[in-house]
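Structural overview for review
As a plain string of letters, each chain reads:
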Amino acid sequence: VQLQACGGGLVQAGGSLRLSCSVSKRTASRYYAGWFRQAPGKEREFVATINWSSQSAYYSDSMKGRFTISRDNAKNMVYLQMNSLKPEDTAVYYCAAGASVILSNIRSPHAYGNWGQGTQVTVSS
């Protein structure tokens, strides 16, 4: 299943962006849609994920309070609202989805079987 992410761009520090990603609709209780990011020379990093059924959301500690993940069931979309952006948030952001993700593994990229192509977010100081 191909995911399509968009919404990246160039923004000044303190600004906001909203990323969007189209996903395939799933109702399984263990279906999660999430966001990861990867900066040059660094490993792919967990950002946030949401359980499609319960809408329970989980965040990386460094982004909690600044980023909000949500999903629109009718449109099959998952969003990442990013506020108070910092230069260190600069990265390629990927959306991902997994049909059988267990709670203890939600922060691992290996738990997600479907990935989007990535969208660049650049935050200038």
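Before reading on, note that the structure itself is shown above.
To start, this report covers the structure provided alongside it. Remember, predicted model here, so these are calculated numbers, not experimental data. (Residues numbered from 1 in each chain as written. Predicted model: local features only at pLDDT ≥ 70, side-chain atom pairs only at ≥ 80, totals over all residues. Heavy atoms only, no water.)

**With respect to the nonpolar core**
Applicable threshold: Joining through side-chain atoms within 4.5 Å is the link that ties buried Ala, Val, Leu, Ile, Met, Phe, Trp, Tyr and Cys residues into a set, and such a set is a nonpolar core. Relative accessibility under 20% of the residue-type maximum defines a buried residue, over 50% an exposed one, and the middle range a partly exposed one, all with a 1.4 Å probe and only protein chains included.
Formed by 29 residues in total, the largest nonpolar core has its most connected members in Trp35, Val78, Leu80, Met82 and Tyr93. The next biggest cluster of nonpolar side chains, apart from the first, holds eight residues, and it includes Tyr32, Phe46, Ala111 and Tyr112.

**Considering the pairing of strand E11 (residues 119-124)**
As a reminder of what qualifies: Only DSSP runs of H or I covering at least 4 residues are called helices, and only runs of E covering at least 2 are called strands; the numbering of each starts at the N terminus. In this scheme, strands are said to pair when DSSP sees at least two bridges between them.
Of the two faces of E11, only one is covered, namely that formed by Thr119, Val121 and Val123; the face formed by Gln120, Thr122 and Ser124 stays uncovered. As judged from the four bridges shared by strand E2 (residues 9-12) and E11, these two strands associate in the parallel manner. From the neighbouring strand, Leu10 faces E11, where its bridge partner is Thr122. For strand E9 (residues 91-98) and E11, the ladder comprises three bridges, and the chain directions are antiparallel. Residue pairing in the sheet places Ala91 in a bridge with Val121 of E11.

**Side note on the environment of Leu10**
In plain terms, the rule: Contacts are assigned to residue pairs that have any heavy atoms within 4.5 Å of one another.
Its place among the elements puts Leu10 in strand E2. Overall, the relative accessible area of 65% leaves Leu10 in the exposed class. Separated by 112 residues in the primary sequence, Leu10 and Thr122 have C-alpha atoms spaced 4.7 Å apart. In contact with Leu10, not counting residues within four places along its chain, are Thr122 and Ser124.

**Let's talk about the state of the cysteines**
Filter applied, for reference: Any pair of cysteine sulfurs within 2.5 Å is marked as a disulfide.
The tally for this structure, following the rule as stated, stands at one disulfide. There is a disulfide in this structure between Cys21 and Cys95, and the S-S distance comes to 2.0 Å. For the disulfide bridge between Cys21 and Cys95, the dihedral angle about the S-S bond is near 50°, and by the sign convention the bridge is right-handed. Separated by 74 residues along the polypeptide, Cys21 in strand E3 (residues 17-22) and Cys95 in strand E9 bring together distant segments of the chain. On the basis of relative accessibility, which here comes to 1%, the residue Cys95 falls in the buried class. Not part of a disulfide, Cys6 finds its nearest cysteine sulfur in Cys21, a span of 8.2 Å.

**Remarks on the side chain of Asn51**
Within the secondary structure layout, Asn51 lies in strand E5 (residues 45-51). Apart from the residues within four sequence positions on either side, Asn51 is in contact with Ser29, Arg30, Tyr31, Tyr32 and Ser56.

**Examining the pattern of salt bridges**
Worth spelling out the cut-off: We define a salt bridge as a contact between a side-chain nitrogen of Lys or Arg and a carboxyl oxygen of Asp or Glu at a distance within 4 Å.
All chains considered together, the criterion is met by three salt bridges. A salt bridge links Arg37 to Glu45; the nearest nitrogen and oxygen atoms lie 2.8 Å apart. Given the relative accessible area of 7%, Arg37 is considered buried. We classify Glu45 as partly exposed; its relative accessible area is 32%. Where Arg37 meets Asp89, a salt bridge forms, and the shortest distance between an N and an O atom there is 2.8 Å. Note that Arg37 is positioned in strand E4 (residues 32-38) and Asp89 in the loop between strand E8 (77-82) and E9, a separation of 52 residues in sequence. Just as Arg37 is buried, Asp89 falls in that class too. Each member of the salt-bridge network shares a partner with another, and the members are Arg37, Glu45, Arg66 and Asp89.

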